[in-house]
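Working through the structure, step by step
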Amino acid sequence: MPPTLASLVHHSALKLTVRAGGERLDTPVRWVHASELTDPVPYMEGGELLLITALKLDAEDADAMRRYVKRLVGAGVAGIGFAVGVHYEETPKALVDAAEGEGLPLLEVPRRTPFLAISKAVSAAIAADQYRAVTAGFAAQRELTKQALSDGPEGLLTALASQVDGWAALYDASGAVVATAPEWAGRRAARITGDVERLRERAAPASSVVGGGGDGEGDGVDGSGEDRVELHSLGTGRRARAALAVGTAAALGTAERYAVHSAIALLTLTTERSRSLYAAEQRIGAAVLRMLLAGQPDHARGVAGDLYGGLLDAPYRMILAEAASASAGRARARAGDEDGGGGTVSAEAAAALADAGGDLVGGLGEVVESAAARSGEAVLVVPDGERLVVLAADRGAVVSACAQYAEAVGGARGGSEQAGDEDELVVGISAPAGPIAAGAAYKQAEQALSVARRRGRVLVEHEDLAAGSVVPLLADDAVRAFADGLLRPLYEHDATGRGDLVASLRAWLSRHGQWDAAAADLGVHRHTLRYRMRRVEEILGRSLDDPDVRMELWLALKATASAE
């Protein structure tokens, strides 16, 4: 600890005597300053021991001394050292009374003790304190490193909490609590997640101090819940990969500060891998995905090794995500060039580190990786240009986190799940699949993604498509344009009043070509209906005996009906 007035009084070589303020000798001394000015306050910073001989002071004037001492107290001076045997043979009573009145320590300095000796004593004590702090900091660093290597982040937090005599908590990139030490700190850490969220919005590295905020239940460091909490972002990139919270009863000392900085460095190493390692894993992930899509699961397992655990052997879901504008561009490209091929992954794009920034697709990547880290699940995340490809365990935490993220995005639209902005997120999820069916799962996810974009939804699961009707899928401008073009000649014919071919066609198709039943529905003779169907064939130039023609006409009728 830094030197105090008491330590100076007890210094055998200085021979100081307490004349006033004896109850405040535990006051720390930041420095020693000698001044004979009648008003030295403008040159003080606070915490100094002021040494005087009263060369220019009327130390026997009670009013003058009260004003003098009062200003020193206001400036935060730690105490006064008065040298006797220079201008006054003893400490003037007016100065003693003024110091007693303000509670300011007053030390009498004998003539044989030079001011320089006091300055050296304080300087030596400060240097010794700093040395002890540095030594303690290095010892803390060694202990933190040892715990990090043996027990991971949890062990490091336990050691840090002990070093600072408080508590510590680690948050992931989403702001969720990952670990705390001691265990009772979990509730306190959970209460400041909002402050962690605000810290993550700032460019890294960032830090902030949160004071108080306890609920009065006595679960804080000092039993009152009013602990002081420092928040520090962790990571080397533009966005924080995690955050560290340190709660203490008071501001951190030098040794504690060394321990916190060491913990930040160590946690950064454990929570954020180097860019080269991350890029290498991305390349491996891209290669594994390409092999799975090519129908080579055995080769994919050989390349992956233990990197993805048992993910490639258990039922998994394929998740595709992209911005709505990118999804629309892909749809237009497919409409112009249908090649029937499955999905492919660009190794070059996958090798690049995806900096999520503020975009929703990058945010989804952070969410699924955080969910995997918290649950211990293996997950394969591959950025593919503007698209994100995720392979996650069926019914696992990653799939659940993806759904929750999509729900949050929909909620941010004011409770509507409609995607009106072309930069908004669309997600498609396949049905559960195994390693030999990765190509089919990719196609299912693409189909679900396309439906999500067409329907204006954030997320669509492929399993939901079969549970509904195909009719809503016809609500597309291209389908309606096709339907209008196919049926236009019939509508134009009916507009002249020469027959009701559209209604007759609908009735006949709905009755599966049964003449009597369809004619009864229309209220006409079956010969009349036969005549009308021949007219339909003549006008359209198509045979109703062809099942494909009947299917196209029925879908066209349903599409135009939904538009009406």
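Before reading on, note that the structure itself is shown above.
Residues numbered from 1 in each chain as written. Predicted model: local features only at pLDDT ≥ 70, side-chain atom pairs only at ≥ 80, totals over all residues. Heavy atoms only, no water.

1. Side note on the overall build of the protein chain
Helices and strands together make up the secondary structure of the protein chain, namely 20 helices and 15 strands. A burial count over the protein chain gives 45% of its 564 residues as buried. Across the protein chain, every contact between residues at least 6 apart in sequence was considered, and the portion connecting residues at least 24 apart equals 65%. A total accessible area of about 27400 Å² is found for the protein chain, and carbon and sulfur atoms account for 51% of it. (Helix = DSSP H or I, 4+ residues; strand = E, 2+ residues; numbered from the N terminus. Buried < 20%, exposed > 50% of the residue type's maximum accessible area, 1.4 Å probe, protein only. Contact = heavy atoms within 4.5 Å. Areas by Shrake-Rupley, 256 points an atom, 1.4 Å probe, with all protein chains shown as cover.)

2. What about the sheet that holds strand S6 (residues 167-171)?
With antiparallel pairing, five strands are arranged side by side in an open sheet as S7-S6-S10-S9-S8. The strands lining the two open edges of the sheet, one partner per strand, are strand S7 (177-181) and strand S8 (207-211). Taken pair by pair, the neighbouring strands of this sheet meet at an average axis angle of 15 degrees, ignoring direction. Strand contacts of helix H4 (residues 115-164): S6, S7 and strand S10 (242-248), with the helix running at about 150 degrees to S6, the strand carrying the most contacts. Here helix H6 (residues 193-200) sits on the sheet in contact with S6, S7, S8, strand S9 (228-234) and S10, set at roughly 40 degrees to S9. (Pairing = 2+ DSSP bridges. Axes fitted to C-alpha atoms, helices over the stretch in contact; angles between N-to-C directions.)

3. Considerations on the side chain of glutamate 230
Relative to the helices and strands, glutamate 230 is located in strand S9. Within the structure, glutamate 230 has its side chain in polar contact with the side chain of arginine 228 (distance 2.9 Å). A polar contact of 3.0 Å, which involves the side chain of glutamate 230, links it to the side chain of histidine 232. Residue contacts for glutamate 230: discarding those within four places in its chain leaves Ser208, Val209, Leu244, Ala245, Val246, Leu252 and Arg257. (Polar contact = N/O pair within 3.5 Å; in protein donor to acceptor, adjacent residues only side chain to side chain.)

4. Here we look at the pairing of S10
For S10, a buried count of seven out of seven residues is recorded, marking the element as mostly surrounded by other parts of the structure. Taking every second residue as pointing to the same face, both faces of S10 are buried, with Ala242, Leu244, Val246 and Thr248 on one and Ala243, Ala245 and Gly247 on the other. Pairing of S6 with S10, which is carried by five bridges, proceeds in the antiparallel orientation. The residue of S10 that forms the bridge with leucine 170 is leucine 244.

5. Comments concerning the packing of aromatic side chains
Counted according to the given criterion, the structure contains two aromatic pairs. For the pair phenylalanine 82 and tyrosine 88, a centre-to-centre distance of 6.1 Å together with 50 degrees between the ring planes defines the contact as tilted. Between the aromatic rings of tryptophan 508 and tryptophan 515, the centroid separation amounts to 5.5 Å while the plane-to-plane angle is 40 degrees, which identifies the pairing as tilted. (Phe/Tyr/Trp six-rings, centres within 6.5 Å; stacked < 30°, edge-to-face > 60°.)

6. Some thoughts on helix H19 (residues 526-540)
With 15 residues, H19 should reach 21 Å at 1.5 Å per residue; the first-to-last C-alpha distance of 21 Å fits that figure. Among the residues making up H19, those that are buried are Leu529, Arg532, Met533, Val536 and Leu540. Summarising the axial view, the buried residues of H19 lie within an arc of 100 degrees, below the 170-degree limit, and thus occupy one face. Looking one or two residues beyond H19, the residue adopting positive phi is glycine 541, at roughly 70 degrees. (Expected span 1.5 Å × (residues − 1). Arc of directions from axis to C-beta.)

7. Concerning unusual backbone geometry
For the peptide bond that leads from alanine 181 to proline 182, omega is -10 degrees, which places it in the cis range. Inspection of the secondary structure puts proline 182 in the loop between S7 and helix H5 (185-191). Phi at alanine 54 is positive, roughly 65 degrees, even though this residue is not glycine. Looking at the element boundaries, alanine 54 is found in the loop between strand S3 (48-52) and helix H2 (62-74). Judged by its relative accessible area of 4%, alanine 54 is buried. The phi angle at histidine 512 is positive, at roughly 55 degrees, despite the residue not being glycine. Considering the arrangement of structural elements, one finds histidine 512 in the loop between helix H17 (501-510) and helix H18 (515-522).

8. Regarding the nonpolar core
Formed by 28 residues in total, the largest nonpolar core has its most connected members in Val288, Leu289, Leu292, Met318, Leu380, Val389 and Leu391. Elements with a contribution of two residues or more to this core: helix H8 (275-293), helix H9 (297-304), strand S11 (316-323), strand S12 (379-384), strand S13 (387-393) and helix H14 (438-455). In terms of residue count, the dominant contributor to this core is H14 (eight residues). What leucine 391 contacts, discounting residues up to four positions off in sequence, is Leu292, Leu311, Leu312, Tyr316, Arg317, Met318, Val379 and Leu380. Judged by nonpolar contacts, the second largest core, of 25 residues, contains Val361, Val368, Val398 and Val399. (Core = buried A, V, L, I, M, F, W, Y, C linked by side-chain atoms within 4.5 Å.)

9. Thoughts on the sheet that holds S12
Sheet architecture is open: five strands sit in the order S12-S13-S11-S14-S15, paired in mixed fashion. Two strands in the sheet have a free side with no partner beyond their single neighbour: S12 and strand S15 (459-461). The average angle at which neighbouring strand axes cross in this sheet is 15 degrees, direction not considered. Here S11 runs beside strand S14 (residues 425-429); their pairing, made up of five bridges, is antiparallel. Across the sheet, residue isoleucine 319 finds its bridge partner in S14, namely isoleucine 429. Along the sheet face, H14 touches S11, S12, S13, S14 and S15 and points at about 40 degrees away from the line of S11.

10. Here's the deal with the environment of proline 2
With respect to the helices and strands, the residue proline 2 is situated in the segment before helix H1 (5-9). Taking the relative accessible area as the measure of exposure, proline 2 reaches 39% and is therefore partly exposed. A C-alpha to C-alpha distance of 9.0 Å links proline 2 and alanine 127, two positions 125 residues apart in sequence. Once you skip the residues sitting within four places of it in the chain, proline 2 turns out to touch Pro28 and Asp129.

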